[in-house]
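Spelled out, the chains give:
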Amino acid sequence: MSENQFQDDNEIVRTRKEKLLRLRSEENYDPYVNETWDRQITLNEIRSKFENLQPEQVDENANLRTAGRLMTLRRQGKATFADLADETGRIQLYFQLNNVGEKEYDFLKKWVDSGDWIGIVGNPCRTKRGELTIMVKEYKLLSKAIRPLPEKWHGLTDTEIRYRQRYMDLIANPDVREIFRQRSKIISSFRETLEAHGTLEVETPVLSVIAGGANARPFKTFHNALSVEMYLRIAVELYLKRLVVGMMGRVYEIGKNFRNEGIDTMHNPEFTMMEVYWPYANYVDMMNLAEELIRNAAKSIGKTEIEWNDMKIDLSKEFNRLSMREAVRKFADVDFDAINSDEEARKIAVDKGLGSELTGKESKFAILNLFFESFCEEKLIEPTFILGHPVEISPLSKRDPENPDYTHRFELFMYGKEVANAFSELNDPLDQRARFEDQLRKKEAGDEEAHAFDEDFINAIEAGLPPTGGMGIGMDRIVMFLTGARSIRDVILFPTMKPKA
RNA sequence: GAGUCGCUAGCUCAGUCGGUAGAGCACCGGACUUUUAAUCCGGGUGUCGCGGGUUCAAGUCCCGCGCGACUCACCA
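Computed from a prediction, not measured in an experiment: that's the story for all the values here.

## Considering the packing of aromatic side chains
- A full pass over the atoms with the stated rule returns 14 aromatic pairs.
- Ring geometry for Phe95 against Tyr139: centres 5.6 Å apart, planes inclined by 90 degrees, an arrangement best described as edge-to-face. With Phe95 in strand β3 (residues 89-96) and Tyr139 in strand β5 (residues 132-143), this pair connects stretches of sequence that are 44 residues apart. In this pair, the class of Phe95 matches that of Tyr139, namely buried.
- Three or more aromatic residues joined by ring pairs form one cluster here, namely Trp308, Tyr415 and Phe481.
- If you follow Arg242 out to its NZ or CZ, it ends over the ring of Tyr239, 5.0 Å from the centre.
- Between the NZ or CZ atom of Arg250 and the centre of the ring of Trp278, over which it lies, the distance is 3.7 Å.

## Structural notes on the layout of surface pockets
- Estimated volume of the second largest pocket: approximately 390 Å³.
- The set of elements that each furnish at least two residues to the lining of the second largest pocket consists of β1 (64-76), β2 (79-86), β3, α7 (166-172) and α8 (174-196).
- Among the elements that take part in the lining of the second largest pocket, α8 stands out by supplying four residues, more than any other.
- Considering only residue class, the lining of the second largest pocket consists of eight nonpolar, five polar and eight charged.

## Topic: the side chain of Thr272
- Mapped onto the secondary structure, Thr272 falls in strand β11 (residues 270-279).
- Residues in contact with Thr272, not counting those within four places in the same chain, are Arg183, Ile254, Gly255, Lys256, Ile473, Gly474, Met475 and Asp476.

## Remarks on the pattern of salt bridges
- Tallied over the full model, the rule gives 40 salt bridges.
- The residue Arg16 makes a salt bridge to Asp113 at a minimum N-O spacing of 3.5 Å. Taken as a pair, Arg16 in helix α2 (residues 11-27) and Asp113 in the loop between α5 (102-111) and β4 (117-126) lie far apart in primary sequence, 97 residues in all. Both residues of the pair, Arg16 and Asp113, count as buried.
- Note that Glu270 is salt-bridged to Lys256, the shortest N-O span being 2.9 Å. Here Lys256 lies in strand β10 (residues 251-258) and Glu270 lies in strand β11, a separation of 14 residues in the sequence.

## So, the packing of α8 against helix α16 (residues 475-483)
- One way to put it is that α8 packs onto α16 with a least axis distance of 10 Å and a crossing angle of 120 degrees. Compared by their axis directions, α8 and α16 come out oblique. Here the hand of the crossing between α8 and α16 comes out right-handed. In this structure, α8 uses Ile179, Gln182, Arg183, Ile186, Ile187 and Phe190 to contact α16, whose residues at the interface are Met475, Asp476, Ile478, Val479, Leu482 and Thr483.

## A closer look at the sheet that holds β2
- The five strands are arranged β1-β2-β3-β5-β4 in a closed barrel whose pairing can be described as mixed. When the angles between neighbouring strand axes are averaged without regard to direction, this sheet yields 50 degrees.
- Note that β1 and β4 share six bridges and pair antiparallel. Bridge pairing links Arg69 to Trp117 in β4.
- Sheet strands touched by α5: β1, β2, β3 and β5. Its angle to β5, the strand with the most contacts, is close to 70 degrees.

## So, the protein's contact with RNA strand B
- Close to RNA strand B lie 55 residues, the nearest being Gln96, Lys152, Glu160, His267 and Lys498.
- Of what RNA strand B places within 4 Å of the protein, 59% of the atoms are sugar or phosphate.
- Glu151 is positioned such that a nitrogen or oxygen atom in its side chain is 3.3 Å from a sugar or linking oxygen of RNA strand B.
- In the model, a sugar or linking oxygen of RNA strand B is placed 2.6 Å from a nitrogen or oxygen of the Glu418 side chain.
- Of all the secondary-structure elements, those providing two or more residues to the surface near RNA strand B are α2, β1, β2, β3, α6 (159-164), β18 (409-414) and β19 (417-424).
- Grouping the amino acids of the surface near RNA strand B by side-chain chemistry returns 12 nonpolar, 18 polar and 25 charged.

## Details of the packing of helix α9 (residues 237-245) against helix α15 (residues 455-462)
- Running from N to C, α9 and α15 point in directions that differ by 25 degrees, and their axes come no closer than 9 Å. Between α9 and α15, the interaxial angle falls into the category roughly parallel. Both α9 and α15 take part in a crossing whose hand is left-handed. Along its contact with α9, which presents Leu238, Lys241, Arg242 and Val245, the element α15 presents Asp456, Phe457 and Ala460.
- In the contact of α9 with α15, the residues fall into four nonpolar, no polar and three charged.

## Description of the sheet that holds strand β6 (residues 200-201)
- Ordered in space as β6-β10-β11-β20-β19-β18-β15-β14, the eight strands form an open sheet in which the pairing is mixed. The sheet is open, and its two edges are formed by β6 and β14 (320-323), each paired on a single side.
- Of the strands in this sheet, β10, β11, β19 and β20 (468-474) touch α9, which is tilted by about 25 degrees from β11.

## Regarding the confidence of the model for chain A
- Per-residue confidence for chain A gives a mean pLDDT of 94, with 98% of residues at or over 70.
- This complex was scored by the predictor with a pTM of 0.94 and an ipTM of 0.92.

## What to know about unusual backbone geometry
- The phi dihedral of Asn28 is positive, around 55 degrees, even though this residue is not glycine.
- A relative accessible area of 71% means that Asn28 is categorised as exposed.
- Although it is not a glycine, Tyr415 adopts a positive phi angle of roughly 50 degrees.
- Inspection of the secondary structure puts Tyr415 in the loop between β18 and β19.
- Tyr415 sits in the buried class, given a relative accessible area of 3%.

## Brief notes about helix α10 (residues 283-300)
- Relative to the 26 Å expected for 18 residues at 1.5 Å per residue, α10 spans 25 Å between its end C-alpha atoms, a close match to the ideal helical length.
- Along α10, the residues classified as buried are Tyr283, Met286, Met287, Leu289, Ala290, Glu291, Leu293, Ile294, Ala297 and Ala298.
- Near the N-terminus of α10, the side chain that reaches the backbone nitrogen of Val284, with its oxygen 3.0 Å away, is that of Asn282.
- One or two steps after α10, the chain reaches Gly302, where phi turns positive at roughly 80 degrees.

Conventions used here
- Residues numbered from 1 in each chain as written.
- Chains lettered and ligands numbered in written order.
- Predicted model: local features only at pLDDT ≥ 70, side-chain atom pairs only at ≥ 80, totals over all residues.
- Heavy atoms only, no water.
- Phe/Tyr/Trp six-rings, centres within 6.5 Å; stacked < 30°, edge-to-face > 60°.
- Helix = DSSP H or I, 4+ residues; strand = E, 2+ residues; numbered from the N terminus.
- Buried < 20%, exposed > 50% of the residue type's maximum accessible area, 1.4 Å probe, protein only.
- Lys NZ or Arg CZ within 6 Å of the ring centre and 35° of its normal.
- 1 Å grid on protein atoms, 1.4 Å probe; cavity = no way out; pocket = protein on both sides within 12 Å on 5 of 7 lines; lining within 4 Å.
- Points joined across faces, edges and corners; volume = space filled by probe spheres on them.
- Nonpolar A, V, L, I, M, F, W, Y, C, P; charged D, E, K, R; others polar.
- Contact = heavy atoms within 4.5 Å.
- Salt bridge = Lys/Arg side-chain N within 4 Å of Asp/Glu carboxyl O.
- Axes fitted to C-alpha atoms, helices over the stretch in contact; angles between N-to-C directions.
- Parallel < 35°, antiparallel > 145°, perpendicular 65-115°, else oblique.
- Left-handed = near helix turned anticlockwise from the far one by under 90°.
- Pairing = 2+ DSSP bridges.
- Near = heavy atom within 4 Å.
- Polar contact = N/O pair within 3.5 Å; in protein donor to acceptor, adjacent residues only side chain to side chain.
- pLDDT = per-residue confidence, 0-100.
- Expected span 1.5 Å × (residues − 1).

Structure (structure tokens):
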């Protein structure tokens, strides 16, 4: 421990460090040597077990052994009230000199601070004012905090500290802990639903030489021993379809994707995606699965109705289904089935004020997508499956045999944002090669997000992919909408932040 | 990438017209055996985000930069 360590600290930390050193030398007690504490009950369990305890009544036989962090201390001479918190809740402690003994009470007064972890043994009682309280008989200082807790009344609100020092946020704001518990339940619910349908959870590479399965810019990295440039994955799609070729049956993966893009309330560079592939299924089966997954996930946190940004959605209602062309007809009043040339489509785009978006080379299908993104997406508040994307923007989807310019694909929108993307997977290896070649031309024309050409993936498709339905769901957004979180950073424990210095 | 707002004590925040840096909580010392935002007495603990400039004098005005939030743009 260097001298400098003390100089850089604020007064509180400096005092606490000195106190720690004195505790070791004067009492021969080191709070950091403790390894275990036999906690037999949590605070919430205590609360429910003794909810019927009457004011001024004590249960002398309970002998509760529990533990937690001291949040506040109210010292009044020969008695001290404290609030003890653990991951389940918070309960009041009452230390009386008569109960804990003079030596122990002295130790409490002298060495124990708010923020410290302690183990306690005691009996429950209820105060005159009706507060369930543990009368402490014994206690043990399990670990000391030398850094002060955020203010007890206002808590911690500074967003920068909340995201950079999430531990402080979690200590100060129990509702933040609750959001992440709900996130865990939602993801568990997804696993349960998928596994109830006989879907196998698998893990595929995060590092690979080709980042495929989506149109996005990847993160680059380098493997020293192989001396090869590698990418962090942007999707798991191509790997999971290889597994279906390999006769693994229904498979899914929940994991991180990495996309080298901007950061805002809906985007974090690393985010959690669920992808699922079912042989002998199509995009319609995936629509049904999406509804089931989302409904079950909401149920897992006790909801059938959700509210986000003051907009309510009743998830028990069937999700809407609308083709992309219908959506554009409805919201932009343009009928793309009546448009016969790219020029005509571009002209209408200019008439509708999209001229600045155009380079003059767009196809009718690209314009359709532009219309959809410009005029429709934000209107799709109620969960809505948008169907029938053009082949041109869907390099991995099966064509609609009735209308081969379009695909058997959907994207699910809610609150105006995309939450799922699915299709009947393209399994024609000749068509797949042609689609990749088309993407390659786009890439060569300067589109950094065009899909990578993956020869081995075509090789896999050539080995025979059964008819397959596949879907990806952005888990962070689902968690946002189900929990009401306004920013993606509120559902990611450690969101990506720019270094400060 | 553009705009708006923010950055002052550990936390939450005030700081007027440019004139000695403030409050509550926390913390330190003292009193107190049913308090619960405990109370009472005493104590201010600071690189005012960073760097320049103007000025006798800058937390405050000007310029640049950093970080963050929001909006827009980007982003299947």
